[in-house]
Amino acid sequence: MAGDNPYLAHLPPHQRGVGPSNAAAKEPLYGFMPRKVKGEQVRKAMEQDINPFTKQPLSAQYKKILEVRKKLPVYAKMDEFFQMFSENQIIVMVGETGSGKTTQIPQFVAYSDLPHTRGKLVACTQPRRVAAMSVAKRVADEMDVQLGRQVGYSIRFEDMTEPGTTFLKYMTDGMLLREAMNDPDLTRYSTIILDEAHERTLATDILMGLLKSLAKRRSDLKIIVMSATLDALKFQKYFGLATDTAAPLFKVPGRTHPVEVFYTQEPEPDYVEAAIRTVLMIHRAEEPGDILLFLTGEEEIEDACRKIKLEADDLVNQDPDSVGPLMCIPLYSSLPPSQQQRIFDPPPTARTPDGPPGRKVVVSTNIAETSLTIDGIVYVVDPGFSKQKVYNPRIRVESLLVSPISKASAQQRAGRAGRTRPGKCFRLYTEKDFMSELEEQTYPEILRSNLSNTVLELVKLGIKDLVRFDYVDAPAPETLMRALELLNYLAALDDEGNLTPLGAIMAEFPLDPQLSKLLIVSPEFKCSNEMLTITSMMSVPNVWIRPANQRREADAAKQMLTVPDGDHLTLLNVYNQYVLNKHDKNWAWTNYLSQRALMQADNVRAQLQRTMEKFDVDLVSLSDERKLYINIRQALVCGFFMQVAHKEGEKGNYLTVKDNQVVALHPSCGLDSQPEWVIFNEFVLTTRPYIRTVSDVKAEWLLDYATNYFDVASFPDGETKRALQRVVNKRAGKAAARLDGGSREGSADPRDKKKRKKQ
DNA sequence: GAGCACTGC
């Protein structure tokens, strides 16, 4: 009887019906017992004329899409899924590309959970925003609902959900982590699906740890971990709730075309040269079909494109009857979207009606491995390298290094050749190297990152013992120690590692802790409006554009906007000028600035401002610009006192404080002199160690605003310590002299000696 | 006298 089903109880009596036959006619989900639903019931419900979730008639479009859905590999395994879902709290699922897991599994779960009947949601996380948006749109169409109503998405800057109505929500993994910080039990959700878990993003890794422990507290919460690779066993073991048991595996085959893989006989000494040679060989000898070549970065890609073009033109000239035209398109993230769109252009047509057909070559960074899919690719050239982030906790430096890719990554790259028809993948390394030298999986991000932000989040989440937190892969203890040390110096954590009230507010900002600290102290320096701008500018990609053929013009334009006291002030100036020029695209263009980055900064600034207002951090400014600029640099010390360098000798060398790394000012630095003390935002390791985004600071400020860190006694011996000691002595002498009644004030302040340089 | 791989809040 309808009355027996608690999940119909919310319906008004006329919808509940009076008896089984009547109820079945009016209630499409009649007889559905939550989490005891069977595939047969769901298939039947899908075939009805009424949308079970909205009670509206289903459209013709719905039926058309349903026919397509039925052909997905995951659809055929529906019964198995529902059985496993009913019987287990945690499931690990493996579905290769084309299985339909991302679109179908969350819908299956909705049919079983019936979240709409009890005010709950089903969440499905994605590592990337575009994926969350586009999948949500597709699923809304499949379910015949309007995007943002029953099915929605939530990403930074955009919440496309309707509270009380949305019951299926796609979201970025970072967004769910944010939610967990304010609701550690994630009470709104009945089931949480972590998609693309094999990518092992920092946020997904932390979520896996949280959900594993949350599963013990919330027996009503179900968890599905979805992954594309065969390394599911690791997740199964990790999520086995009792010792020695593994979480069950739900496996669905993919649906792609076969890709034939070729290896080189010998290792290639120069992979770029070998890659170019291979592309031209394919163009000469292989059947029509586009080529995707993976290289590591912008410069390498632009260079390879030039060479491929030159050589292809030569080939065509030599042998116009058998070699068709070749079009070479670069692809990397910092290209403007209009340029990125070029990858979808059709290949060039044959030069004569019955001449050899044209071909398209896309030369791309890793962006084409996961984020962007190009149809029509039949050949993949894989030299086996990519730029990867590595973190060295000893010197607290994150850097990008060209490194060999993993087997999983090589497989993913090869797969890009088989999306539309059978393809070929040319690996520019030997099969032996593939088997024995490449790691199985790319190192998870948590092992390659500075974790100061993550540690603050974990503490805010109530994780007491960070070292013993149940990580899928535990970071190096030294990395955790470095993070704890920084957070303690910033006063976000007390000496026992507990969150301070300051730390609690810092954790609310989507920023590195140094930056959130800056924002919170900035009202004391009467520069919070300005710090808000500087912080925003530091959280977006580089705003400076420097085209290879217009470097001089670009540098001149930059010089006009430069504030010689520090790059931080230059960033402030750039943003202010952008606003003064009414966010004009042309102004940005003529000044060699990235309009896209400036718009992002605007967006970030608005979001940070809302957070500041929420926590009553005053928004203030000083009208005296000279004083303001000094105050800003003083406030910078409060966040970045651990990133200070001291000048050594006259060769432009600096030593980082305490770590004693020899560094140089980055050539992009706008300082017009070499100040004795500088504060820097970034340490980059390229042709040599550089510090980037640098400002001039005074030793006195270091002593005054970072007293704990600049405790001279605790410094390692060296020139830096002696320089600091001189300042301390001078001050002590001054104080003593003042006590004696004598006054030599003014001359002791280096600020007065130094000529003011104002633009 | 260099270079932002790629995401995310």
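Only a predicted model underlies this, so the values are computations on that prediction, with no experimental measurement involved.

Once that is clear, we can look at the overall build of chain A. Of regular secondary structure, chain A possesses 29 helices and 21 strands. Taking 2.2 N^0.38 as the reference for a compact globule, 759 residues should give roughly 27 Å; the C-alpha atoms of chain A span a radius of gyration of 30 Å, in line with that estimate. Dimensions of chain A along its principal axes, counting C-alpha atoms only, are 100 × 75 × 55 Å. Out of the 759 residues in chain A, the part that is buried amounts to 53%.

This part is about the environment of T245. Summarising the element assignment, T245 is placed in the loop between α10 (232–238) and β8 (249–252). Apart from the residues lying within four places of it in its own chain, the contact partners of T245 are Q236, K237 and G240.

So, about the nonpolar core. Within the largest apolar cluster, 116 residues are counted, with the highest numbers of intra-cluster contacts made by I192, L210, M531, L593, I632, W677 and F710. Setting aside residues up to four positions removed in sequence, F710 forms contacts with F641, V644, V657, L702, L703, F715 and L724.

Strand order in the open sheet made by the 6 strands is β9-β16-β13-β10-β12-β11, with parallel pairing throughout. Taken across any chain shown, the strands that pair with only one partner, and hence form the sheet edges, are β9 (259–263) and β11 (326–331). Each strand axis lies, on average, 20° off the axis of its neighbour in the sheet, ignoring direction. Helix-sheet contacts for helix α12 (residues 298–318) involve β10 (290–294), β11 and β12 (359–364), and the interaxial angle to β11 is about 180°.

Take the packing of aromatic side chains next. Taken as a whole and judged by the stated rule, the model has 21 aromatic pairs. Their ring planes at 55° and their centres at 5.9 Å tell us that F81 and F108 sit as a pair that is tilted. Residue F81 is located in helix α5 (residues 78–87), and its partner F108 is located in helix α6 (residues 101–113); the two are separated by 27 residues in the primary sequence. Each of the two residues, F81 as well as F108, counts as buried.

A word on the protein's contact with DNA strand B. Residues in close proximity to DNA strand B total 35 residues, the closest being R129, S333, N542, R546 and T686. Expressed as a percentage, the sugar and phosphate content of the atoms of DNA strand B within 4 Å of the protein is 57%. Note that a phosphate oxygen of DNA strand B is positioned 2.8 Å from one of the backbone N or O atoms of E298. Y690 is positioned with one of its side-chain polar atoms (N or O) 3.3 Å from a sugar or linking oxygen of DNA strand B. Mapped onto the surface near DNA strand B, the elements with two or more residues apiece are α8 (173–182), α12, β14 (385–392), α22 (551–561) and β21 (689–697). Residue composition of the surface near DNA strand B, grouped by class: 12 nonpolar, 11 polar and 12 charged.

This brings us to the packing of helix α20 (residues 513–521) against helix α26 (residues 625–640). Running from N to C, α20 and α26 cross one another at 135°; their axes reach a closest spacing of 8 Å. Overall, the two elements α20 and α26 adopt an arrangement that is oblique. Judged by the sense of rotation from one axis to the other, the crossing of α20 with α26 is right-handed. Together, Q514, L515, K517, L518 and V521 of α20 and A635, L636, C638, G639 and F640 of α26 make up the contact between the two elements.

All right, on to the pattern of salt bridges then. Enumeration according to the criterion identifies 44 salt bridges in this entry. Here K424 makes a salt bridge to E286, at a shortest N to O gap of 2.8 Å. Remark: E286 occurs in the loop between α11 (271–285) and β10 and K424 occurs in strand β16 (residues 423–427); sequence separation between them is 138 residues. Note that R413 and D382 form a salt bridge whose closest N and O atoms lie 2.7 Å from each other.

Attention shifts here to the UniProt feature "domain: Helicase C-terminal" (unreviewed entry) in chain A. Annotation from UniProt places "domain: Helicase C-terminal" (unreviewed entry) at residues 275–462. Secondary structure across residues 275–462 divides into 34% helix and 23% strand, with the first and last C-alpha atoms of the span separated by 50 Å.

Moving on: the sheet that holds strand β19 (residues 662–665). If you trace the 5 strands once around the closed barrel, you get β17-β18-β19-β21-β20, paired in mixed fashion. Sheet twist, expressed as the mean angle between neighbouring strand axes with direction ignored, is 50°. In terms of strand pairing, strand β17 (residues 644–648) meets strand β20 (residues 677–685) through 3 bridges, oriented antiparallel. Directly across from H646, in β20, lies its bridge partner W677. Lying over the sheet, helix α23 (residues 567–580) contacts β20 and β21, oriented at roughly 80° with respect to β21.

Looking now at α20. For an α-helix the count is 3.6 residues per turn, leaving residues at separations of three or four pointing the same way. Counting buried residues in α20 gives 9 out of 9 residues, a clear majority hidden from the surface. When we look at burial in α20, the residues that qualify are P513, Q514, L515, S516, K517, L518, L519, I520 and V521. Check the buried side of α20 and you find it contacts α17 (452–460), α18 (477–489), α19 (501–506), α21 (528–538), α25 (595–614) and α26.

For residues besides glycine, phi is generally negative; the peptide bonds are generally trans as well. Its identity is not glycine, yet K55 carries a phi of approximately 65°, on the positive side. Overall, K55 belongs to the partly exposed group, its relative accessible area being 27%. The backbone phi angle of K658 is positive, close to 70°, even though this residue is not glycine. Following the sequence through the fold, K658 ends up in the loop between β18 (653–656) and β19.

On to the side chain of S695. Of note, S695 is situated in strand β21. One polar contact links S695 to H568, side chain to side chain, over a distance of 2.6 Å. Beyond its immediate stretch of four places on either side in the chain, S695 contacts D565, G566, D567, H568, R633, L636, W677, V678 and I679.

Between α8 and helix α9 (residues 202–217), the least distance of the axes is 8 Å, while the angle of their chain directions is 45°. Relative to α9, α8 is oriented oblique. Between α8 and α9 lies a crossing whose hand is left-handed. Only A203, T204, I206, L207 and L210 of α9 make contact with α8, whose side of the interface consists of D173, G174, L176, L177 and A180.

Turning to the environment of A131, a few remarks are in order. Tracing the chain through its elements places A131 in helix α7 (residues 129–142). If we skip the residues at most four places from it in the chain, A131 touches Q126 and A136.

This part takes up the pairing of β8. Judged by which residues are buried, β8 turns out to be one-sided: F250 and V252 face inward and are buried, whereas L249 and K251, on the alternate face, are not. Pairing geometry for strand β1 (residues 90–95) and β8, over 4 bridges, is parallel. Paired with M93 across the bridge in β8 is F250.

Moving on: the confidence of the model for chain A. Here chain A averages 89 in pLDDT, while 94% of its residues score no lower than 70. For residues 6–10, every residue scores under 50 in pLDDT, and the model assigns this stretch 10 contacts once sequence neighbours within four places are set aside. Taken together, the stretch residues 743–759 has pLDDT below 50 and engages in 28 contacts with residues farther than four places along the chain or on a different chain.

Calculation criteria
- Residues numbered from 1 in each chain as written.
- Chains lettered and ligands numbered in written order.
- Predicted model: local features only at pLDDT ≥ 70, side-chain atom pairs only at ≥ 80, totals over all residues.
- Heavy atoms only, no water.
- Helix = DSSP H or I, 4+ residues; strand = E, 2+ residues; numbered from the N terminus.
- Rg over C-alpha atoms; globule rule 2.2 N^0.38 Å.
- Buried < 20%, exposed > 50% of the residue type's maximum accessible area, 1.4 Å probe, protein only.
- Contact = heavy atoms within 4.5 Å.
- Core = buried A, V, L, I, M, F, W, Y, C linked by side-chain atoms within 4.5 Å.
- Pairing = 2+ DSSP bridges.
- Axes fitted to C-alpha atoms, helices over the stretch in contact; angles between N-to-C directions.
- Phe/Tyr/Trp six-rings, centres within 6.5 Å; stacked < 30°, edge-to-face > 60°.
- Near = heavy atom within 4 Å.
- Polar contact = N/O pair within 3.5 Å; in protein donor to acceptor, adjacent residues only side chain to side chain.
- Nonpolar A, V, L, I, M, F, W, Y, C, P; charged D, E, K, R; others polar.
- Parallel < 35°, antiparallel > 145°, perpendicular 65-115°, else oblique.
- Left-handed = near helix turned anticlockwise from the far one by under 90°.
- Salt bridge = Lys/Arg side-chain N within 4 Å of Asp/Glu carboxyl O.
- UniProt positions renumbered as here; feature names shortened; annotations may be inferred.
- pLDDT = per-residue confidence, 0-100.

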